[in-house]
Amino acid sequence: MKIIKIYSNNKSFKNITFNENWLNVILWEISDRNDYSKDTHNLWKSLLTELINFLLLKQIDKKEKFFLTKSNKFEKYEFFIEILLNSWKYLILKRDVAKDTKISLKENETTLESYETDIKNWNHENIPIGKAIDLLNEYLSFDVLKNYKYRKYLDYFIRSQEDFLDVFKLNKFKWKDKDWKPMVLELLNFDSTIYKRKIECDQELEDIKSKINFIRNENKVDENKVDELRWLIDIETDKKNEIEKYIDNFNFTKSYEDDKNKLVDDLDINIDVLNSHHYSLKSEIQRCKSSLSNNLDYIDLEKLKTLYTEIELFFPTELLKSYEDLIEFNVSIGSEREKIIKNNLLKIELESNEVESKIKKLEKEKSELLLNLTERSSYEKFKQYQKQLAKKEADLIFLEKKLDIVDQINSNLRKQKSIEQDIAVLTEEIKDLILSQKHKDIRRIFWKIILNVLNTSAVISLNQNGAWNIDFVANYQNTENLQETDQWKWNSYKKLLCSAFDLSLLSFYSDKSFYKFIYHDGILDNLDIRKSENYLNEVRSLCKKDNTQYILTVIESQLSDVQKKIKLSDEEIVLILSDKDDSWKLFWFSF
């Protein structure tokens, strides 16, 4: 895929036609070297990057901040981009500013001869942007990173100034590692299946550990005392059986046999069941109240920072972020936990009151039935046995519930152990993956580019971090002992690492159906003129060798002393902007 044209229906925009197979320069001229009131940085050169992204169907989530949509200045603008597909056909995309979610697409056998805006017979007209992205993905038909849509990794080939801050992690990658590192691994020619599974296992392990701690804290149980708990259940069961035996053998005098049978059959069993249930509910109420009174532990970050200061240790930003995430998680869990417990407590208390009322009603009825019994002492003893039985049954229910909770914890601990074993295996497989050196050809191209431009060595490497996951590293090396140097800290040299990475990908995949262009905004800014000359020569060489397209923006002053043999040709300069007046600006007006 290459960019052929970018144009608009509005004549105030400077339409651009790009060279297919070599260098394309957007040059920003200084009209008057002695006019200190002007600045070429105000010519909107960086916004061309955003415009290309817009035309390649970037979804605008915050329209109040995007330069085309934050005012009505551009509401009547229609923008077009013509791209060359890897099928050697041409595709035109149209996107209006006023209706930026409606896209039109048209495929042609040949390129447009002019900046045509009145296009007939669109293949797809005014379709939703989501569907348009899917269609463009089909038109592009990349055979690299097939599991990702083209937009996911587009910014490696259209780098804005913000995207030169890190070689691998683009400015838009504000997500967790799992959302971008597997993709970079595949860009480097590796299979990411093992790494994805490792990340999934890490998350599963974190989740199950949190679940175990939550169950422990909520129920105040110790899974290591399961044998003791089973022994208590056995003892309490024996005591319950003994009481049941006394009740079964208990006898009133024959003259009151009918009353006794009615009491046992119609009332006592019901009262016994209700008493057991009531005792269990009371225990549950007490447990809920206890849980509400025990707040989750929180981390006092200020005290923690003070401690680090007192012991003269640096408090890492990453550690602060981890603690802040933990505090946020605890607050979220604590709030949800309190809400659930309070709702549960209310339901249990209502049920407890209802059960208590039923017991009182049945006790009253039973008292009336036994009112005329002369053996009152026998009845009282019988009643005492019943209460003991109800308590034992409630105790058993409570103990069995604790045993069930312990079983849950132990079951989750077994799962935790299994996941940890999987992680250990995957960790070794990741080591083997790195040793397979699938990225060696990309790394060699990367090294060669840096060597040709800066006459120094640089390397792309994959390392396992403290969690045994993958970190991507791009650094400069001393050519004599291959030790890492601090050159990557220099802004212009860090940008060259990013550029070399992008160019090495473009070169490595040049025989595949993939991106065939790169757009770099301000790559030569503040670079030594001799290194700029080397860079231009290297880019020209790569474009010629790989049949690729390179687009860069540059301020005239950055190339003012370039040797004659290196100077840009008229064909290479596809657009000139100047601070002379508004007619030389990208949109013919100032902001």
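Parameters and conventions
Residues numbered from 1 in each chain as written. Predicted model: local features only at pLDDT ≥ 70, side-chain atom pairs only at ≥ 80, totals over all residues. Heavy atoms only, no water. Helix = DSSP H or I, 4+ residues; strand = E, 2+ residues; numbered from the N terminus. Buried < 20%, exposed > 50% of the residue type's maximum accessible area, 1.4 Å probe, protein only. Contact = heavy atoms within 4.5 Å. Areas by Shrake-Rupley, 256 points an atom, 1.4 Å probe, with all protein chains shown as cover. Expected span 1.5 Å × (residues − 1). 1 Å grid on protein atoms, 1.4 Å probe; cavity = no way out; pocket = protein on both sides within 12 Å on 5 of 7 lines; lining within 4 Å. Points joined across faces, edges and corners; volume = space filled by probe spheres on them. Nonpolar A, V, L, I, M, F, W, Y, C, P; charged D, E, K, R; others polar. Phe/Tyr/Trp six-rings, centres within 6.5 Å; stacked < 30°, edge-to-face > 60°. Pairing = 2+ DSSP bridges. Axes fitted to C-alpha atoms, helices over the stretch in contact; angles between N-to-C directions. Salt bridge = Lys/Arg side-chain N within 4 Å of Asp/Glu carboxyl O. Parallel < 35°, antiparallel > 145°, perpendicular 65-115°, else oblique.

Colleague: Report on the overall build of the protein chain, specifying residues and quantitative values.
Modeller: Helix and strand content of the protein chain: 12 helices and 13 strands. A total of 591 residues make up the protein chain; the buried ones form 47% of that total. Partitioning the intrachain contacts of the protein chain with sequence separation of at least 6 by distance along the chain shows that 71% fall at a separation of at least 24. A total accessible area of about 31900 Å² is found for the protein chain, and carbon and sulfur atoms account for 48% of it.

Colleague: Describe helix α5 (residues 226–249), with residues and values.
Modeller: Given a rise of 1.5 Å per residue, 24 residues ought to cover 34 Å, and the 35 Å separating the end C-alpha atoms of α5 matches this to within 8%. Of the residues making up α5, those classed as buried are Leu 229, Ile 233, Glu 236, Lys 240, Ile 243 and Ile 247.

Colleague: Requested: an account of empty space enclosed by the protein, with residues and values cited.
Modeller: In this approach, a probe sized like a water molecule rolls over the atoms, and the result shows the empty space that is left. Counted under the stated rule, the structure contains 3 cavities of 30 Å³ or more. What the largest cavity holds in volume is close to 70 Å³. What lines the largest cavity is Ser 280, Ser 283, Glu 284, Arg 287, Ala 394, Ile 397, Phe 398 and Lys 401. When residues of the lining of the largest cavity are traced back to their parent elements, those giving at least two are α6 (257–293) and α9 (376–435). Among the residues forming the lining of the largest cavity, the class breakdown is 3 nonpolar, 2 polar and 3 charged.

Colleague: I'd love a proper account of helix α1 (residues 47–55), names of residues and values included.
Modeller: Buried residues dominate α1, accounting for 8 of its 9 residues. Buried within α1 we find Leu 47, Leu 48, Thr 49, Leu 51, Ile 52, Asn 53, Phe 54 and Leu 55.

Colleague: Can you break down the packing of aromatic side chains residue by residue, with the values?
Modeller: Under the defined criterion, the tally for this structure stands at 29 aromatic pairs. Measuring from centroid to centroid gives 6.3 Å for Phe 79 and Phe 587, while their planes differ by 90°, and the two rings are edge-to-face. Placement of Phe 79 in strand β4 (residues 78–84) and of Phe 587 in the segment after β13 (573–578) is noted, with a sequence separation of 508 residues between them. As far as burial versus exposure is concerned, Phe 79 and Phe 587 are alike and both buried. Relative to Tyr 515, the ring of Phe 157 lies with its centre 4.9 Å away and its plane at 35°, an arrangement referred to as tilted.

Colleague: Could you give an account of the sheet that holds strand β2 (residues 16–17), naming the residues involved and the relevant values?
Modeller: Sheet architecture is open: 6 strands sit in the order β2-β1-β4-β5-β6-β7, paired in antiparallel fashion. Two strands close off the open sheet at either side, each with one partner strand: β2 and β7 (124–128). Summarising the sheet, β4 and strand β5 (residues 90–96) pair through 7 bridges and their orientation is antiparallel. In the strand pairing of β5, Glu 82 is matched with Ile 92. Strand contacts of α1: β1 (2–8), β2, β4 and β5, with the helix running at about 80° to β4, the strand carrying the most contacts. Contacts from helix α2 (residues 129–140) reach β4, β5, β6 (102–108) and β7, with the element oriented near 125° to β7.

Colleague: Tell me about the pattern of salt bridges, and please be specific about residues and values.
Modeller: A side chain with one charge may pair with a side chain of the opposite charge, provided their charged atoms come close. Throughout the structure, instances matching the rule amount to 28 salt bridges. Residues Arg 197 and Glu 200 are paired through a salt bridge, measuring 3.5 Å at the closest nitrogen-oxygen approach. Here Arg 197 pairs with Glu 200, and both are found in helix α4 (residues 193–219), just 3 residues apart, close to one helical turn. Classification of Arg 197 by relative accessible area gives partly exposed; the value is 30%.

Colleague: Before we move on, can you summarise the environment of Leu 188 with the specific residues and values?
Modeller: Its location among the elements puts Leu 188 in the loop between α3 (181–187) and α4. Placed 254 residues apart in sequence, Leu 188 and Ile 442 show a C-alpha to C-alpha distance of 7.0 Å. Residues within four places of Leu 188 in sequence aside, it is in contact with Lys 438, His 439, Ile 442, Ile 460, Leu 462, Phe 472, Phe 501 and Tyr 509.

Colleague: Before we move on, can you summarise the sheet that holds β13 with the specific residues and values?
Modeller: Taken in spatial order, the 5 strands line up as β8-β11-β12-β3-β13 in an open sheet, and their pairing is parallel. The strands lining the two open edges of the sheet, one partner per strand, are β8 (158–159) and β13. Direction of pairing for strand β3 (residues 23–29) relative to strand β12 (residues 549–555): parallel, over a ladder of 6 bridges. Among the inter-strand pairings, Leu 23 is bridged to a residue of β12, identified as Tyr 550. Contacting β3, β8 and β11 (517–521), α1 crosses the sheet at an angle of about 145° to β11.

Colleague: Before we move on, can you summarise the layout of surface pockets with the specific residues and values?
Modeller: When its volume is computed, the second largest pocket comes out at roughly 1100 Å³. In terms of lining residues, the second largest pocket is bounded by 28 residues, among which Asn 53, Lys 58, Gln 59, Asp 155 and Lys 172 are the most central. At 4 residues, α1 tops the list of elements feeding residues into the lining of the second largest pocket. Residue classes in the lining of the second largest pocket are distributed as 7 nonpolar, 7 polar and 14 charged.

Colleague: Explain the packing of helix α11 (residues 491–508) against helix α12 (residues 529–546) residue by residue, including any values.
Modeller: Any two packed helices are characterised by the angle at which their axes cross and by the distance between the axes. Contact pair α11 / α12: the axes reach a minimum separation of 11 Å and the direction vectors enclose 10°. Compared by their axis directions, α11 and α12 come out roughly parallel. Here Tyr 493, Leu 496, Ser 499, Leu 503 and Ser 507 of α11 lie close against α12, whose contacting residues are Lys 531, Tyr 535, Val 539, Leu 542, Lys 545 and Asp 546. Grouping the constituent residues of the contact of α11 with α12 by class yields 6 nonpolar, 2 polar and 3 charged.

Colleague: Which residues make up the pairing of β4, and what values do they have?
Modeller: Burial analysis of β4 places 6 of its 7 residues in the buried class, which makes it a mostly covered element. Taken together, the 6 bridges between β1 and β4 define a ladder with antiparallel strand orientation. By the bridge assignment for β4, Lys 5 is matched with Glu 82. The turn joining β4 and β5, which pair antiparallel and follow one another in sequence, is formed by 5 residues; a positive phi near 70° is taken by Trp 88.

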